[in-house]
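What follows is the residue order along each chain.
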Amino acid sequence: MYPGWYQEGREGPMEFILKHEKVWKRVGIIGGVYLGMKYLVPLLIPFLVAALTAYWLRPCFLRMEKWFRIKPAVSAGIFLLLAAAGVGLALYFLGSQLWALAGRFFAQEETEIYLEQALYNCCQAAERMLGFPAERMQQTVMTQVRVMVQDMKGTWMPKAMNGSFTLVKGVGKSVAAVLITAISFVLWSGDFEKIKEEAEGSALWQQLVRLARGILEAVGGYLKAQCIIIAIIMGTCSVGFFLAGSSYALLFGICTGLLDALPVLGTGIVLAPSILVSVIQRDYQAALILAVTYGVCTLVREVLEPRLVGKRLGLFPILVLMSVYVGVQVYGVGGIVLGPLSVLVIQELWREME
């Protein structure tokens, strides 16, 4: 008599594995994609971004070479200069707006009086709603603020100084990554045709090209859908801040739209405090406008993202929403992109397996 799996009439381990070969392959693909996205992709991001950008701009560079005899590497360098100029102008605009806003705030002599008046209004509102004495509440808050300032001088400032080194280190890594990406982009653009000719001799080339083409088309569609959503939210927030009477409506709208692309934070990180400040100032019309703006932005993200992204990726909206949520839980903040991208890669690999 055979023990365990080897008893007569029962499958052995190898028979069981072979019988469910497709299932194990699918599980292996899921595990491989997870490990690749978690550990390999972060290391290769500069080179992947450079390669994808060179691939998408390749038709334009080839036309430049045909019409003006400009080599693709030179065209790539010109593109980088123009892109750097555009980003620089955008940062200059945002920086000047922020600087003007900060200068306007700190240059006011009555700033402290304004803050005390805002706190007084808040305490008065709390007294009307909850019955707490407004004057005692204001004194308690001011005492806590003074204690907090003293603690900041004694403990928070040294921690901030220590954290500044980490910040500088992170900025250095980011600058290095940008430089590596730019150099890789120029090299990819210059040698793209040669690399393609060398790779076409490989037996796996056609299969890899077919897989990569499907992924690239879906990734491009995903990024396009995200840009559309962010642009709509930027416009909505800019209009909302303008109607609420803000002098920096465009600045606040752009910043809010960019923050909306991040999970957890979203538009609420800007709109919720703005609504609270408007209520404290008793500007209920502005508070109502900003609250409506917040609701519209939330509705736009919740409705358009699953539909647009799902249409671009060929997935049901619920699967897109699940992929974003699970991606954030597994990969962190980058999961908002890596989550749907992982589902896409798994889907393409499963198709190739069939």
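Residues numbered from 1 in each chain as written. Predicted model: local features only at pLDDT ≥ 70, side-chain atom pairs only at ≥ 80, totals over all residues. Heavy atoms only, no water.

Chemist: Residues and numbers for a nonpolar patch on the surface, please.
Modeler: A cluster of nonpolar residues, Y34, L35, Y39, Y325, V326 and V330, forms a patch on the protein surface that exposes about 600 Å² of accessible area. Looking at the nonpolar patch, the elements that each hand over two or more residues are helix 2 (21-68) and helix 10 (317-331). Take L35: it is sitting in helix 2. (Patch = residues over 30% accessible without salt bridge, like charges linked within 9 Å, V, L, I, M, F, W, Y side chains within 5 Å. Areas by Shrake-Rupley, 256 points an atom, 1.4 Å probe, with all protein chains shown as cover. Salt bridge = Lys/Arg side-chain N within 4 Å of Asp/Glu carboxyl O. Helix = DSSP H or I, 4+ residues; strand = E, 2+ residues; numbered from the N terminus.)

Chemist: So, the confidence of the model for the protein: which residues are in play, and what are the values?
Modeler: On average, the protein scores 77 in pLDDT, and the residues at 70 or more come to 71%. At the low end of the mean pLDDT range in the protein sits helix 1 (residues 13-19), at 60; at the high end sits helix 2, at 85. (pLDDT = per-residue confidence, 0-100.)

Chemist: Explain helix 8 (residues 268-280) residue by residue, including any values.
Modeler: Here helix 8 contains 13 residues, and its C-alpha end-to-end distance of 17 Å stays within 8% of the 18 Å for a straight helix at 1.5 Å per residue. Backbone geometry just downstream of helix 8 places R282 in the positive-phi region, at approximately 65°. (Expected span 1.5 Å × (residues − 1).)

Chemist: With reference to specific residues and values, describe the packing of aromatic side chains.
Modeler: Applying the stated criterion across every chain yields a total of 6 aromatic pairs. Ring centres of F61 and F185 lie 6.1 Å apart, and the angle between their planes is 55°; on these two criteria the pair is classed as tilted. With F61 in helix 2 and F185 in helix 5 (residues 134-199), this residue pair connects regions lying 124 residues apart in the sequence. The burial state of F61 is the same as that of F185; both residues are buried. Here W188 and F192 contribute two aromatic rings whose centre-to-centre distance is 6.5 Å and whose plane-to-plane angle is 55°, an arrangement assigned as tilted. Separated by 4 residues within a single helix, W188 and F192 lie in helix 5, roughly one turn from each other. Judged by relative accessible area, which is 15%, F192 ranks as buried. Members of the aromatic cluster, joined through ring pairs, are Y55, W188 and F192. (Phe/Tyr/Trp six-rings, centres within 6.5 Å; stacked < 30°, edge-to-face > 60°. Buried < 20%, exposed > 50% of the residue type's maximum accessible area, 1.4 Å probe, protein only.)

Chemist: Would you mind going over the nonpolar core in detail, with residue names and values included?
Modeler: The biggest cluster of nonpolar side chains holds 14 residues, and the ones touching the most others in it are I233, C237, F241, A244, L271 and L290. Elements that contribute at least two residues to this core include exactly helix 6 (205-243), helix 8 and helix 9 (284-313). A per-element tally of this core places helix 9 first, with 6 residues. The contact partners of C237, leaving out residues within four places of it in the chain, are G253, T256, L271, T293 and C297. In this structure, I29, V41, Y331 and L338 belong to the second largest nonpolar core, which totals 11 residues. (Core = buried A, V, L, I, M, F, W, Y, C linked by side-chain atoms within 4.5 Å. Contact = heavy atoms within 4.5 Å.)

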